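Architecture at a glance
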Amino acid sequence: MHNKKGKWKRCLAAVCLCLNWTPVQAATQEELAIQSEAVVLMDALSGTVLYEKNADEILYPASITKIMTVYLALTHGSADQLLTASASAIDSIDRQSSHIWLDYDEQLTLQDACYAAMMASANDASNVLAEAIGGSQQQFADMMNQAAAEAGTRSTHFANAHGLPDPDHYTTAYDMAMITRMALENEAFREVFGAVTYEMAPTNKQAEVRYFASGNEMLKKGEYYYEYATGGKIGWTQDAGYTMVTTAEKDGITLIAVVMKAPSTKSRYVDTQTLFDYGFSHYKQITVPASSFEDKTVEIMKNGNLWAEASFHMNADFMILALSEDDPSQYTARIEIQNESDPETVAAFAILDKNGTEIARQAMEKELVMHDVSFAATGWPKIQQALDWISVIVFILVMAAFAAAVAARLTSRKKKRRD
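Every value quoted in this text rests on a predicted model; they were computed, and no experiment measured them.

**A look at the overall build of the chain**
Along its length, the chain carries 10 helices and 17 strands. Within the chain, buried positions represent 48% of all 419 residues. By sequence separation, contacts in the chain at least 24 residues apart represent 65% of the contacts at least 6 residues apart. Here the chain displays about 20100 Å² of accessible surface, and carbon together with sulfur accounts for 51% of that area.

Next comes the structure, spelled out in C-alpha coordinates:
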(Lines give C-alpha, C1' and ligand atoms only; values in the text may rest on other atoms or scores of the structure.)
Protein backbone atom coordinates (compact mmCIF):
# COMPACT_ATOMS: atom_id res chain seq x y z
CA MET A 1 0.00 0.00 0.00
CA HIS A 2 1.11 3.55 -0.52
CA ASN A 3 1.30 6.37 1.96
CA LYS A 4 0.72 9.77 0.42
CA LYS A 5 1.11 13.15 2.04
CA GLY A 6 -2.17 15.03 2.21
CA LYS A 7 -0.79 18.53 1.84
CA TRP A 8 -2.20 19.49 -1.54
CA LYS A 9 -4.56 22.15 -0.19
CA ARG A 10 -5.03 24.20 -3.32
CA CYS A 11 -7.60 22.48 -5.49
CA LEU A 12 -6.98 21.64 -9.13
CA ALA A 13 -9.65 24.08 -10.23
CA ALA A 14 -7.74 26.91 -8.60
CA VAL A 15 -4.53 25.82 -10.29
CA CYS A 16 -6.21 25.66 -13.69
CA LEU A 17 -7.87 29.02 -13.12
CA CYS A 18 -4.57 30.82 -12.86
CA LEU A 19 -2.54 29.08 -15.54
CA ASN A 20 -3.04 31.95 -17.99
CA TRP A 21 -2.49 34.91 -15.71
CA THR A 22 0.49 37.21 -15.72
CA PRO A 23 2.42 36.39 -12.54
CA VAL A 24 3.55 38.83 -9.91
CA GLN A 25 7.07 40.11 -10.37
CA ALA A 26 9.57 38.07 -8.37
CA ALA A 27 11.58 39.76 -5.68
CA THR A 28 15.08 40.97 -6.35
CA GLN A 29 17.12 37.79 -6.15
CA GLU A 30 19.48 37.39 -3.25
CA GLU A 31 22.68 35.43 -3.56
CA LEU A 32 22.13 32.03 -1.96
CA ALA A 33 24.79 29.48 -1.07
CA ILE A 34 23.95 26.99 -3.84
CA GLN A 35 26.38 24.23 -4.80
CA SER A 36 24.40 22.69 -7.66
CA GLU A 37 25.24 23.71 -11.22
CA ALA A 38 21.66 24.79 -11.97
CA VAL A 39 18.57 25.36 -9.82
CA VAL A 40 15.08 26.82 -10.12
CA LEU A 41 12.52 27.63 -7.46
CA MET A 42 9.07 28.10 -9.01
CA ASP A 43 5.59 28.89 -7.72
CA ALA A 44 3.45 25.98 -8.91
CA LEU A 45 0.33 28.11 -9.20
CA SER A 46 1.57 30.92 -11.41
CA GLY A 47 4.83 29.62 -12.86
CA THR A 48 6.73 32.54 -11.37
CA VAL A 49 10.44 31.83 -11.00
CA LEU A 50 11.34 32.95 -7.49
CA TYR A 51 15.00 32.01 -7.64
CA GLU A 52 17.27 30.66 -10.34
CA LYS A 53 20.85 29.80 -11.07
CA ASN A 54 21.74 28.81 -14.63
CA ALA A 55 18.06 28.02 -15.18
CA ASP A 56 18.46 27.57 -18.95
CA GLU A 57 21.73 25.63 -18.96
CA ILE A 58 21.28 22.43 -20.94
CA LEU A 59 22.08 19.41 -18.76
CA TYR A 60 21.33 15.70 -18.50
CA PRO A 61 18.31 14.99 -16.26
CA ALA A 62 18.96 11.35 -15.34
CA SER A 63 15.94 9.76 -13.63
CA ILE A 64 13.94 12.93 -13.01
CA THR A 65 12.98 12.15 -16.62
CA LYS A 66 10.49 9.71 -15.11
CA ILE A 67 8.30 12.63 -13.96
CA MET A 68 7.26 13.01 -17.58
CA THR A 69 7.03 9.24 -18.09
CA VAL A 70 4.67 8.69 -15.17
CA TYR A 71 2.62 11.79 -16.00
CA LEU A 72 1.99 10.60 -19.57
CA ALA A 73 1.20 7.06 -18.42
CA LEU A 74 -1.38 8.29 -15.92
CA THR A 75 -2.82 10.78 -18.39
CA HIS A 76 -3.22 8.36 -21.30
CA GLY A 77 -3.69 5.06 -19.48
CA SER A 78 -5.80 3.65 -16.64
CA ALA A 79 -4.48 2.54 -13.25
CA ASP A 80 -5.78 -1.04 -13.55
CA GLN A 81 -4.57 -1.47 -17.14
CA LEU A 82 -2.59 -4.72 -17.37
CA LEU A 83 0.84 -4.36 -18.97
CA THR A 84 3.23 -7.05 -20.18
CA ALA A 85 7.00 -6.74 -19.95
CA SER A 86 8.52 -7.38 -23.37
CA ALA A 87 12.03 -8.51 -24.19
CA SER A 88 12.76 -5.11 -25.73
CA ALA A 89 11.68 -3.31 -22.56
CA ILE A 90 13.90 -5.48 -20.38
CA ASP A 91 16.94 -6.03 -22.61
CA SER A 92 17.34 -2.43 -23.80
CA ILE A 93 18.53 -1.19 -20.40
CA ASP A 94 21.76 -1.73 -18.54
CA ARG A 95 20.98 -4.37 -15.89
CA GLN A 96 23.42 -2.58 -13.61
CA SER A 97 21.08 0.42 -13.59
CA SER A 98 18.03 0.72 -11.31
CA HIS A 99 15.27 -1.79 -12.06
CA ILE A 100 12.85 -4.16 -10.29
CA TRP A 101 13.92 -7.36 -12.07
CA LEU A 102 10.90 -7.67 -14.31
CA ASP A 103 10.83 -10.99 -16.11
CA TYR A 104 9.93 -11.66 -19.74
CA ASP A 105 6.14 -11.62 -20.21
CA GLU A 106 5.60 -10.57 -16.59
CA GLN A 107 2.29 -8.80 -16.15
CA LEU A 108 1.76 -5.81 -13.86
CA THR A 109 -0.74 -3.01 -13.64
CA LEU A 110 -0.03 0.44 -14.96
CA GLN A 111 -0.33 1.74 -11.39
CA ASP A 112 2.34 -0.69 -10.18
CA ALA A 113 4.63 0.29 -13.04
CA CYS A 114 4.18 3.99 -12.22
CA TYR A 115 5.10 3.51 -8.57
CA ALA A 116 8.06 1.36 -9.59
CA ALA A 117 9.28 4.03 -12.00
CA MET A 118 8.82 6.89 -9.54
CA MET A 119 9.88 5.33 -6.26
CA ALA A 120 12.30 2.55 -7.26
CA SER A 121 13.40 4.51 -10.35
CA ALA A 122 12.90 1.29 -12.29
CA ASN A 123 14.16 1.63 -15.85
CA ASP A 124 12.53 -1.65 -16.92
CA ALA A 125 9.14 -0.49 -15.64
CA SER A 126 9.62 2.83 -17.44
CA ASN A 127 10.16 1.02 -20.73
CA VAL A 128 7.09 -1.12 -20.13
CA LEU A 129 5.05 2.06 -19.62
CA ALA A 130 6.54 3.60 -22.75
CA GLU A 131 5.64 0.64 -24.96
CA ALA A 132 2.14 0.33 -23.50
CA ILE A 133 1.28 4.01 -23.90
CA GLY A 134 3.27 4.97 -26.98
CA GLY A 135 3.23 1.72 -28.93
CA SER A 136 7.02 1.71 -28.96
CA GLN A 137 9.79 3.36 -26.96
CA GLN A 138 10.54 5.79 -29.81
CA GLN A 139 6.90 6.77 -30.26
CA PHE A 140 6.65 7.38 -26.54
CA ALA A 141 9.71 9.64 -26.70
CA ASP A 142 7.88 11.60 -29.38
CA MET A 143 4.92 11.93 -27.01
CA MET A 144 7.27 13.15 -24.30
CA ASN A 145 8.66 15.86 -26.56
CA GLN A 146 5.20 16.99 -27.60
CA ALA A 147 4.08 17.19 -23.97
CA ALA A 148 7.25 19.07 -23.05
CA ALA A 149 6.44 21.69 -25.66
CA GLU A 150 2.89 21.96 -24.33
CA ALA A 151 4.29 22.47 -20.83
CA GLY A 152 6.16 25.56 -22.01
CA THR A 153 9.70 24.18 -22.07
CA ARG A 154 12.41 26.01 -23.96
CA SER A 155 15.35 23.61 -24.39
CA THR A 156 14.24 20.03 -23.77
CA HIS A 157 14.54 16.91 -25.89
CA PHE A 158 13.76 13.42 -24.63
CA ALA A 159 15.14 10.29 -26.26
CA ASN A 160 13.91 7.68 -23.78
CA ALA A 161 11.49 7.11 -20.90
CA HIS A 162 14.06 6.42 -18.17
CA GLY A 163 16.80 9.03 -18.39
CA LEU A 164 19.85 6.85 -18.93
CA PRO A 165 22.61 8.73 -20.80
CA ASP A 166 21.93 9.70 -24.41
CA PRO A 167 23.38 12.72 -26.26
CA ASP A 168 19.87 13.59 -27.50
CA HIS A 169 18.33 13.43 -24.03
CA TYR A 170 18.64 16.75 -22.22
CA THR A 171 16.72 19.48 -20.43
CA THR A 172 17.15 22.47 -18.12
CA ALA A 173 16.23 23.29 -14.53
CA TYR A 174 13.57 25.71 -15.77
CA ASP A 175 12.09 23.16 -18.15
CA MET A 176 11.90 20.46 -15.47
CA ALA A 177 10.04 22.88 -13.20
CA MET A 178 7.54 23.57 -16.00
CA ILE A 179 7.12 19.86 -16.71
CA THR A 180 6.51 19.18 -13.02
CA ARG A 181 4.06 22.07 -12.84
CA MET A 182 2.07 20.51 -15.68
CA ALA A 183 2.21 17.05 -14.07
CA LEU A 184 0.87 18.38 -10.78
CA GLU A 185 -2.44 19.11 -12.50
CA ASN A 186 -3.02 15.33 -12.57
CA GLU A 187 -4.34 14.09 -9.22
CA ALA A 188 -3.14 10.53 -9.80
CA PHE A 189 0.34 11.84 -10.52
CA ARG A 190 0.35 13.82 -7.28
CA GLU A 191 -0.47 10.64 -5.36
CA VAL A 192 2.41 8.73 -6.93
CA PHE A 193 4.80 11.67 -6.62
CA GLY A 194 4.05 12.09 -2.92
CA ALA A 195 4.03 8.42 -1.90
CA VAL A 196 6.48 7.41 0.83
CA THR A 197 5.98 3.63 0.65
CA TYR A 198 4.20 1.23 -1.70
CA GLU A 199 3.59 -2.51 -1.94
CA MET A 200 3.41 -4.06 -5.39
CA ALA A 201 1.23 -7.15 -5.50
CA PRO A 202 2.61 -10.53 -6.69
CA THR A 203 2.49 -11.14 -10.43
CA ASN A 204 2.33 -14.11 -12.78
CA LYS A 205 6.15 -14.29 -12.57
CA GLN A 206 6.85 -13.06 -9.03
CA ALA A 207 5.18 -14.71 -6.04
CA GLU A 208 6.50 -12.22 -3.52
CA VAL A 209 5.38 -8.67 -2.77
CA ARG A 210 7.76 -6.00 -3.98
CA TYR A 211 8.27 -3.17 -1.49
CA PHE A 212 9.11 0.35 -2.67
CA ALA A 213 10.16 3.44 -0.74
CA SER A 214 10.56 6.97 -2.06
CA GLY A 215 14.11 7.79 -3.04
CA ASN A 216 13.61 11.41 -2.01
CA GLU A 217 14.79 11.65 1.60
CA MET A 218 12.92 14.92 2.17
CA LEU A 219 9.71 12.87 2.36
CA LYS A 220 10.97 10.43 5.00
CA LYS A 221 11.91 10.87 8.62
CA GLY A 222 15.65 11.22 8.74
CA GLU A 223 18.55 13.58 8.20
CA TYR A 224 17.05 15.38 5.19
CA TYR A 225 13.38 15.28 6.15
CA TYR A 226 11.51 18.49 5.30
CA GLU A 227 8.15 18.84 7.02
CA TYR A 228 6.52 20.74 4.15
CA ALA A 229 7.67 18.38 1.37
CA THR A 230 4.81 16.88 -0.65
CA GLY A 231 6.54 14.94 -3.42
CA GLY A 232 9.81 14.29 -5.14
CA LYS A 233 12.00 12.36 -7.56
CA ILE A 234 15.75 11.90 -7.54
CA GLY A 235 18.21 10.99 -10.27
CA TRP A 236 21.87 10.27 -10.82
CA THR A 237 24.25 9.26 -13.58
CA GLN A 238 27.94 9.94 -13.96
CA ASP A 239 27.27 12.57 -16.63
CA ALA A 240 24.20 14.15 -14.99
CA GLY A 241 25.50 14.26 -11.44
CA TYR A 242 22.89 14.36 -8.69
CA THR A 243 19.51 15.69 -9.80
CA MET A 244 16.28 16.14 -7.89
CA VAL A 245 12.82 17.66 -8.18
CA THR A 246 10.87 18.29 -4.98
CA THR A 247 7.60 20.01 -4.14
CA ALA A 248 6.62 21.59 -0.84
CA GLU A 249 3.48 23.30 0.45
CA LYS A 250 3.14 25.82 3.26
CA ASP A 251 0.42 28.35 4.05
CA GLY A 252 -1.33 27.69 0.76
CA ILE A 253 1.77 28.12 -1.42
CA THR A 254 3.14 25.16 -3.39
CA LEU A 255 6.75 25.51 -4.54
CA ILE A 256 8.72 23.42 -7.04
CA ALA A 257 12.46 23.12 -6.48
CA VAL A 258 14.73 21.68 -9.18
CA VAL A 259 18.43 21.04 -8.62
CA MET A 260 20.66 19.69 -11.39
CA LYS A 261 24.25 18.52 -11.44
CA ALA A 262 24.69 18.72 -7.69
CA PRO A 263 28.15 17.53 -6.62
CA SER A 264 26.83 15.12 -3.95
CA THR A 265 23.75 13.57 -2.42
CA LYS A 266 24.00 15.92 0.54
CA SER A 267 24.35 19.05 -1.59
CA ARG A 268 21.14 18.41 -3.51
CA TYR A 269 19.19 18.18 -0.26
CA VAL A 270 20.87 21.19 1.32
CA ASP A 271 20.33 23.25 -1.84
CA THR A 272 16.68 22.24 -2.03
CA GLN A 273 16.01 23.19 1.59
CA THR A 274 17.81 26.49 1.05
CA LEU A 275 15.52 27.20 -1.90
CA PHE A 276 12.35 26.31 -0.01
CA ASP A 277 13.34 28.35 3.03
CA TYR A 278 14.01 31.33 0.77
CA GLY A 279 10.69 31.00 -1.02
CA PHE A 280 8.52 30.56 2.05
CA SER A 281 10.20 33.44 3.87
CA HIS A 282 9.94 35.90 0.97
CA TYR A 283 6.45 35.15 -0.36
CA LYS A 284 2.92 34.68 0.87
CA GLN A 285 -0.46 33.98 -0.67
CA ILE A 286 -3.16 36.62 -0.90
CA THR A 287 -6.66 35.48 -1.85
CA VAL A 288 -8.93 37.88 -3.72
CA PRO A 289 -12.45 36.42 -3.51
CA ALA A 290 -14.52 35.97 -6.65
CA SER A 291 -17.12 38.24 -5.07
CA SER A 292 -14.71 41.14 -5.58
CA PHE A 293 -15.66 41.00 -9.27
CA GLU A 294 -19.28 41.97 -9.93
CA ASP A 295 -21.32 40.05 -12.51
CA LYS A 296 -21.57 41.91 -15.80
CA THR A 297 -24.14 41.73 -18.60
CA VAL A 298 -23.44 43.20 -22.04
CA GLU A 299 -26.33 43.88 -24.45
CA ILE A 300 -25.27 43.72 -28.10
CA MET A 301 -27.45 45.49 -30.67
CA LYS A 302 -27.78 44.93 -34.43
CA ASN A 303 -29.78 47.28 -36.68
CA GLY A 304 -31.45 48.68 -33.61
CA ASN A 305 -32.50 45.25 -32.32
CA LEU A 306 -31.24 43.28 -29.30
CA TRP A 307 -28.97 40.69 -30.91
CA ALA A 308 -27.30 39.05 -27.93
CA GLU A 309 -26.88 39.20 -24.17
CA ALA A 310 -23.50 38.16 -22.77
CA SER A 311 -23.33 37.55 -19.03
CA PHE A 312 -20.00 37.22 -17.22
CA HIS A 313 -19.09 36.05 -13.74
CA MET A 314 -16.14 34.74 -11.75
CA ASN A 315 -16.56 31.22 -10.42
CA ALA A 316 -13.36 30.92 -8.36
CA ASP A 317 -11.15 33.07 -6.19
CA PHE A 318 -7.94 34.68 -7.39
CA MET A 319 -4.96 33.38 -5.41
CA ILE A 320 -1.97 35.65 -5.76
CA LEU A 321 1.64 35.04 -4.87
CA ALA A 322 2.73 38.23 -3.13
CA LEU A 323 5.88 39.49 -1.51
CA SER A 324 5.86 38.86 2.23
CA GLU A 325 5.91 42.58 2.99
CA ASP A 326 2.91 43.34 0.74
CA ASP A 327 -0.34 44.57 2.26
CA PRO A 328 -3.66 43.33 0.79
CA SER A 329 -4.78 46.95 0.41
CA GLN A 330 -2.21 47.32 -2.37
CA TYR A 331 -4.33 45.05 -4.56
CA THR A 332 -7.51 46.24 -6.29
CA ALA A 333 -9.96 44.39 -8.55
CA ARG A 334 -11.59 45.60 -11.75
CA ILE A 335 -13.25 44.22 -14.90
CA GLU A 336 -12.39 44.93 -18.52
CA ILE A 337 -14.81 44.21 -21.39
CA GLN A 338 -13.46 43.56 -24.90
CA ASN A 339 -15.20 43.32 -28.30
CA GLU A 340 -18.54 44.56 -26.97
CA SER A 341 -20.17 44.55 -30.42
CA ASP A 342 -19.44 40.91 -31.38
CA PRO A 343 -21.25 38.04 -29.61
CA GLU A 344 -18.61 35.50 -30.62
CA THR A 345 -15.57 37.38 -29.35
CA VAL A 346 -16.98 39.55 -26.57
CA ALA A 347 -15.04 38.78 -23.42
CA ALA A 348 -14.67 40.01 -19.87
CA PHE A 349 -11.46 39.85 -17.86
CA ALA A 350 -11.07 40.01 -14.11
CA ILE A 351 -8.00 42.15 -13.52
CA LEU A 352 -5.90 42.63 -10.42
CA ASP A 353 -3.86 45.78 -9.99
CA LYS A 354 -1.06 46.29 -7.52
CA ASN A 355 -0.64 49.95 -6.65
CA GLY A 356 -2.54 50.82 -9.83
CA THR A 357 -0.50 48.57 -12.16
CA GLU A 358 -1.95 45.41 -13.68
CA ILE A 359 -0.27 42.23 -12.44
CA ALA A 360 -2.80 39.52 -13.33
CA ARG A 361 -5.85 38.88 -15.47
CA GLN A 362 -8.22 35.96 -15.87
CA ALA A 363 -11.03 35.45 -18.39
CA MET A 364 -14.43 35.43 -16.69
CA GLU A 365 -16.96 32.70 -17.42
CA LYS A 366 -19.28 33.66 -20.27
CA GLU A 367 -22.93 32.81 -20.87
CA LEU A 368 -24.36 33.91 -24.21
CA VAL A 369 -28.03 34.25 -25.17
CA MET A 370 -28.68 34.96 -28.87
CA HIS A 371 -31.82 36.64 -30.24
CA ASP A 372 -33.24 36.26 -33.75
CA VAL A 373 -32.62 39.50 -35.64
CA SER A 374 -33.58 38.20 -39.07
CA PHE A 375 -36.13 40.06 -41.23
CA ALA A 376 -38.71 37.43 -40.43
CA ALA A 377 -38.16 37.96 -36.73
CA THR A 378 -37.71 41.74 -36.66
CA GLY A 379 -38.79 43.37 -39.95
CA TRP A 380 -41.90 41.42 -40.83
CA PRO A 381 -43.55 41.86 -37.40
CA LYS A 382 -43.07 45.61 -37.77
CA ILE A 383 -44.68 45.52 -41.22
CA GLN A 384 -47.51 43.45 -39.83
CA GLN A 385 -47.91 45.93 -37.02
CA ALA A 386 -47.93 48.81 -39.52
CA LEU A 387 -50.52 47.00 -41.67
CA ASP A 388 -52.59 46.39 -38.59
CA TRP A 389 -52.48 50.09 -37.77
CA ILE A 390 -53.31 50.99 -41.38
CA SER A 391 -56.26 48.59 -41.24
CA VAL A 392 -57.45 50.22 -38.05
CA ILE A 393 -57.06 53.70 -39.51
CA VAL A 394 -58.86 52.71 -42.74
CA PHE A 395 -61.62 51.14 -40.68
CA ILE A 396 -61.90 54.30 -38.58
CA LEU A 397 -61.96 56.49 -41.71
CA VAL A 398 -64.61 54.26 -43.35
CA MET A 399 -66.68 54.27 -40.22
CA ALA A 400 -66.28 58.05 -39.92
CA ALA A 401 -67.32 58.49 -43.55
CA PHE A 402 -70.26 56.17 -43.04
CA ALA A 403 -71.28 58.05 -39.91
CA ALA A 404 -70.96 61.34 -41.74
CA ALA A 405 -73.09 60.02 -44.59
CA VAL A 406 -75.74 58.78 -42.20
CA ALA A 407 -75.70 62.08 -40.34
CA ALA A 408 -76.02 64.00 -43.63
CA ARG A 409 -78.96 61.86 -44.71
CA LEU A 410 -80.72 62.36 -41.42
CA THR A 411 -80.18 66.10 -41.65
CA SER A 412 -81.56 66.14 -45.20
CA ARG A 413 -84.71 64.28 -44.14
CA LYS A 414 -85.34 66.64 -41.25
CA LYS A 415 -84.99 69.62 -43.61
CA LYS A 416 -87.52 68.17 -46.06
CA ARG A 417 -90.03 67.66 -43.28
CA ARG A 418 -89.75 71.28 -42.20
CA ASP A 419 -90.22 72.39 -45.77
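**Quick notes on the sheet that holds strand β11 (residues 296–302)**
The strand order across the open sheet formed by three strands is β11-β12-β17, and the pairing between neighbours is antiparallel. Of all the strands in the sheet, just β11 and β17 (365–370) have a single pairing partner and so form its edges. In this sheet, adjacent strand axes meet at a mean angle of 20 degrees when their direction is disregarded.

**Some details on the packing of aromatic side chains**
Tallying each qualifying case throughout the model produces 11 aromatic pairs. Taking 6.3 Å as the distance between ring centres and 15 degrees as the angle between the ring planes, the aromatic pair formed by Y198 and F212 counts as stacked. In this pair, Y198 sits in strand β5 (residues 197–200) while F212 sits in strand β6 (residues 210–213), placing the two residues 14 residues apart along the sequence. Like Y198, the residue F212 is buried in the burial classification. Their ring planes at 75 degrees and their centres at 5.7 Å tell us that Y226 and Y228 sit as a pair that is edge-to-face. With relative accessibility at 5%, the residue Y226 sits in the buried group.

**Observations concerning the confidence of the model for the chain**
In this model, the chain carries a mean pLDDT of 89, and residues with pLDDT of at least 70 account for 89%. Here residues 1–25 is a poorly scored stretch, pLDDT under 50, and it has 79 contacts once near neighbours within four places are set aside; other chains count.

**Quick notes on the environment of L110**
With respect to the element layout, L110 can be found in helix α4 (residues 110–119). In this structure L110 comes out as buried when scored by relative accessible area, which is 0%. With 28 residues separating them in the primary sequence, L110 and L82 have C-alpha atoms 6.2 Å apart. Beyond its immediate stretch of four places on either side in the chain, L110 contacts A73, L74, G77, S78, A79, Q81, L83, L129 and I133.

**What to know about the side chain of D124**
Secondary-structure assignment places D124 in helix α5 (residues 123–134). At 4.1 Å, R95 is the nearest oppositely charged side chain to D124, a buried residue that forms no salt bridge. Polar contacts involving the side chain of D124 include one to the main-chain amide nitrogen of I100, which spans 3.3 Å. Ignoring anything within four residues of it in the chain, the contact list for D124 reads A89, I93, R95, H99, I100, W101 and L102.

**Digging into the sheet that holds strand β14 (residues 331–338)**
Strand order across the open sheet formed by three strands is β14-β15-β16, with antiparallel pairing between neighbours. Taken across any chain shown, the strands that pair with only one partner, and hence form the sheet edges, are β14 and β16 (357–363). Between one strand and the next, the sheet's axes are offset by a mean angle of 30 degrees, whatever the strand orientation. Where β14 meets strand β15 (residues 347–354), eight bridges bridge the pair, whose relative direction is antiparallel. Each bridged residue has a counterpart across the sheet, and for R334 the counterpart in β15 is I351.

**Description of unusual backbone geometry**
Positive phi is not limited to glycine here, since D105 has a value of about 65 degrees. Phi at K261 takes a positive value of approximately 55 degrees, unusual for a residue other than glycine. Residue placement: K261 occurs in strand β9 (residues 253–262).

**A look at the packing of helix α2 (residues 66–76) against α5**
For any two helices packed against each other, the geometry comes down to the angle between their axes and how far apart the axes lie. At a closest axis distance of 10 Å, the pairing of α2 and α5 adopts a crossing angle of 40 degrees. What the angle tells us is that α2 and α5 run oblique. Considering the relative orientation of α2 and α5, their crossing is left-handed. Contacts between α2 and α5 involve K66, T69, L72, A73 and H76 from the first element and N123, S126, L129 and I133 from the second. Across the contact of α2 with α5, the residue classes tally to four nonpolar, four polar and one charged.

Conventions and cut-offs
Residues numbered from 1 in each chain as written. Predicted model: local features only at pLDDT ≥ 70, side-chain atom pairs only at ≥ 80, totals over all residues. Heavy atoms only, no water. Helix = DSSP H or I, 4+ residues; strand = E, 2+ residues; numbered from the N terminus. Buried < 20%, exposed > 50% of the residue type's maximum accessible area, 1.4 Å probe, protein only. Contact = heavy atoms within 4.5 Å. Areas by Shrake-Rupley, 256 points an atom, 1.4 Å probe, with all protein chains shown as cover. Pairing = 2+ DSSP bridges. Axes fitted to C-alpha atoms, helices over the stretch in contact; angles between N-to-C directions. Phe/Tyr/Trp six-rings, centres within 6.5 Å; stacked < 30°, edge-to-face > 60°. pLDDT = per-residue confidence, 0-100. Lys, Arg positive; Asp, Glu negative; His and termini not counted. Salt bridge = Lys/Arg side-chain N within 4 Å of Asp/Glu carboxyl O. Polar contact = N/O pair within 3.5 Å; in protein donor to acceptor, adjacent residues only side chain to side chain. Parallel < 35°, antiparallel > 145°, perpendicular 65-115°, else oblique. Left-handed = near helix turned anticlockwise from the far one by under 90°. Nonpolar A, V, L, I, M, F, W, Y, C, P; charged D, E, K, R; others polar.

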